[in-house]
Amino acid sequence: MVGDIGLEKMPLLAALASHAGEGYISFHTPGHKQGAGAFPEWYKLLGDMVFQLDLTELPGLDNLQDPQGVIAEAQARAASYFGAAETFFLINGTTAGILAVMLAVSGPGKKVVLPRVSHQSVINGLILSGAKPVYLPVEYSPDLGLPGQVATCRLEKVLTGEDNGEKPLLVLLHPNYYGLAGDLGQQVKTAQREGCVVLVDEAHGAHFITSELFPVTALRAGADFAAQGAHKVLGAFTQAAFLHCREKGGQRIRAALRMVQSSSPSYLLMASLDVARCQCEQEEEQWEAVAHLGHRLRLQISRIPGLLAPGSELLEVPGVCEYDPSRLIVNVRGLGITGFEAADWLYRQKKILVEMADLDNIVLILSPASLEKADLLMDGFSSLSAACSTSSGKSCSFPDFRGLPLPQQLLTPREAFFADSSLVPLDSALGKIAAEVISPYPPGVPVLCPGERIDGELLEFLHDWERAGGSWPGRKKGLIKIVAGS
Ligand SMILES: Cc1ncc(COP(=O)(O)O)c(C=O)c1O
């Protein structure tokens, strides 16, 4: 059986499959006892193998906390393919990799330089580590409504302006949620010349390794660490991710990973990483075809009245040097509707579910599985355009956060998070210090971080955003958490 489907290329999966074939009698965790104790309807729905392979640290199956056997072998294969000295399997998402590096490399009072548009996991890393953020603003393209990337000259100014000899950790985002990448090679080089360690949040770029048609990988650009969401674009199960290290990870990284990951990691998730790496290696040609499909769809969609799927135009977005052709952005401004409305229409009328929508755009993720679906997608877009030309289209009612200034920072995120806090109505929060992150979703970019002063422009935006039906994770209607007595 093993030889038949090439399991020898996936050492962890092979060990699980071999264990399942031995007929062991389970007196260990998990409680479903490989299906024998599973709820029957659940068992029927999922199938026997899911339970057979949902195993734990048993003889021959290694241990993620101190891998010496098949997990070590599977991680080494991933490291070799992605070009790392060492790769760690993550079962708590890209988040776990980001948090672990921030805890291992940074610490209380140390500086972390990061784009303001960083994902909430990076902001949470500031709270956990106690580091002091230095935010790099990112400009938006007014024409396309898209966030750009950090300008290299701005980064250089911040890094060379550090006067006390402190070497901050630099956390870059490559690519952003829209697939847009900055001048990563130059920025990493600049940071390392200044003695900084560079972590790249590559949550959306695990497939870049497959072809030169995609942006450069973070490791090829010289990054010290790259955290990749193998579940986002590759075929790994949700929550499965990689942390790649340019040099051997070291004891602090291992200790930090033990802190932010479960001590009972799912073998299904870990095996899915072994499989995702192997599949990626085998499907490089299909990924090239996806890149070509992305370019073709951009041209075809842009011919439909009211739609624009930007390609080379993306290189005009501030700070952007490269883009991921498999991340399809469709600007619907010309239809007189919002991206939210377009996404809702495609879902209800065509059963097409997109990855994300914002005021102006919808964003779709293409993969080898999309190669056969291009016609359905084109039909969806043509029908959307026709439907909008016969109805007046709702006017855009969502307020825009893109011009909001960076708030003044009075406390570190950690100081503010752990301070006594109180919930106050938005109307009473002017001038107070925030004790929570506010990241209106989508796209989930923070407009306020713990420790920042709440100003009038921000409050006006939050009022308008709520009135328009918008939300943010953790929102308590009409209220905001502030540092007590601030
Ligand atoms: C840019 C970015 N970084 C990090 C993360 C966190 O990844 P995960 O959900 O795998 O923990 C996400 C998730 O959406 C993301 O978009």
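Residues numbered from 1 in each chain as written. Predicted model: local features only at pLDDT ≥ 70, side-chain atom pairs only at ≥ 80, totals over all residues.

1. Overview of the overall build of the chain
Working step 1: For the chain, the helix and strand inventory stands at 15 helices and 16 strands.
Working step 2: Relative to the 2.2 N^0.38 estimate, which gives 23 Å for 486 residues, the radius of gyration of the chain is 24 Å and therefore close to what a compact globule would have.
Working step 3: Taken along its principal axes, the extent of the C-alpha atoms in the chain is 65 × 60 × 45 Å.
Working step 4: The 486 residues of the chain split such that 47% are buried. (Helix = DSSP H or I, 4+ residues; strand = E, 2+ residues; numbered from the N terminus. Rg over C-alpha atoms; globule rule 2.2 N^0.38 Å. Buried ≥ 20, exposed ≤ 12 C-beta atoms within 10 Å, placed from the backbone.)

2. Considering unusual backbone geometry
Working step 1: The omega torsion of the bond from T29 to P30 falls at -5 degrees, within 30 degrees of zero and hence cis.
Working step 2: Position of P30 relative to the elements: it lies in the loop between α1 (11-20) and α2 (40-46).
Working step 3: Following H174, the chain continues to P175 via a peptide bond in cis, the omega torsion being -5 degrees.
Working step 4: In this structure, K33 takes a positive phi of about 50 degrees despite not being glycine.
Working step 5: Tracing the backbone through its elements, the reader meets K33 in the loop between α1 and α2.
Working step 6: Taking the number of C-beta atoms within 10 Å as the measure of exposure, K33 has 14 and is therefore partly exposed.

3. Considering the sheet that holds strand β14 (residues 361-365)
Working step 1: On the basis of which strands lie adjacent, the open sheet formed by three strands has the order β12-β14-β13 and antiparallel pairing. In this open sheet, the two strands that pair with only one neighbour each are β12 (327-331) and β13 (356-357).
Working step 2: Here β13 pairs with β14 via two bridges, running antiparallel. Following the sheet pairing, M356 is matched in β14 by V363. (Pairing = 2+ DSSP bridges.)

4. What to know about the site of the ligand
Working step 1: As a structural note, the neighbourhood of the ligand is formed by G93, T94, T95, H119, S121, L173, Y177, D201, A203, G229 and A241.
Working step 2: A total of three residues in the shell around the ligand trace back to one element, the largest contributor, which is helix α5 (residues 93-105).
Working step 3: Residue composition of the shell around the ligand, by class: four nonpolar, six polar and one charged. (Near = placed C-beta within 6 Å. Nonpolar A, V, L, I, M, F, W, Y, C, P; charged D, E, K, R; others polar.)

5. What to know about helix α4 (residues 70-82)
Working step 1: For α4, which comprises 13 residues, the first-to-last C-alpha distance of 18 Å matches the rise-based estimate of 18 Å (1.5 Å per residue) to within 8%.
Working step 2: Looking at the packing, one finds that the buried side of α4 touches α1, β1 (86-90), β10 (241-245) and α10 (267-282).
Working step 3: A positive phi of about 85 degrees marks G83, the residue just after α4. (Expected span 1.5 Å × (residues − 1). Contact = placed C-beta atoms within 7 Å.)

6. Regarding the domain arrangement of the chain
Working step 1: The domain boundaries assigned to the chain delineate domain 1 (7-53), domain 2 (70-282), domain 3 (289-390) and domain 4 (413-483).
Working step 2: Computed from C-alpha atoms alone, the centre-to-centre distance between domain 2 and domain 3 is 27 Å.
Working step 3: Counted by class, the side of domain 2 that touches domain 3 contains 14 nonpolar, eight polar and two charged residues. (Domains from an automatic or database assignment.)

7. With respect to the sheet that holds strand β2 (residues 111-115)
Working step 1: Pairing is mixed across the open sheet formed by seven strands, whose spatial order is β1-β10-β9-β8-β6-β2-β3. Of all strands in the sheet, those with a lone pairing partner are β1 and β3 (132-136), marking the two edges. Along the sheet, successive strands turn relative to each other by an average axial angle of 20 degrees, direction set aside.
Working step 2: Contacts from α5 reach β1, β2, β6 (169-173), β8 (198-201), β9 (225-228) and β10, with the element oriented near 35 degrees to β10. (Axes fitted to C-alpha atoms, helices over the stretch in contact; angles between N-to-C directions.)

8. Quick word on the nonpolar core
Working step 1: In terms of nonpolar packing, the biggest core is built from 150 residues, with L12, A100, F242 and M270 touching the most fellow members.
Working step 2: Look past the residues within four positions of F242 in its chain and what remains in contact with it is A78, F82, T87, F89, L90, A206, Q228, A230 and L273. (Core = buried A, V, L, I, M, F, W, Y, C linked by C-beta atoms within 7 Å.)

9. Focus on the packing of α4 against α10
Working step 1: Orientation of α4 relative to α10, taken along the N-to-C sense of each, is 35 degrees, at an axis distance of 10 Å. Crossing of α4 over α10 shows left-handed handedness. Mapping the contact onto sequence places I71, A74, R77, A78 and Y81 in α4 and M270, L273, D274, R277 and E281 in α10.
Working step 2: For the contact of α4 with α10, the per-class residue count stands at six nonpolar, no polar and four charged. (Left-handed = near helix turned anticlockwise from the far one by under 90°.)

10. Here we look at the packing of α5 against helix α9 (residues 250-260)
In a pair of packed helices, the angle between the axes and the distance between the axes together describe the arrangement.
Working step 1: The interhelical angle for the contact between α5 and α9, taken along N-to-C directions, is 130 degrees, at an axis separation of 8 Å. One finds that α5 runs oblique with respect to α9. When you trace α5 past α9, the crossing you get is right-handed. Here A96, L99, A100, V101, L103 and A104 of α5 come into contact with α9, specifically with R252, I253, A256, L257, M259 and V260.
Working step 2: For the contact of α5 with α9, the per-class residue count stands at 11 nonpolar, no polar and one charged. (Parallel < 35°, antiparallel > 145°, perpendicular 65-115°, else oblique.)

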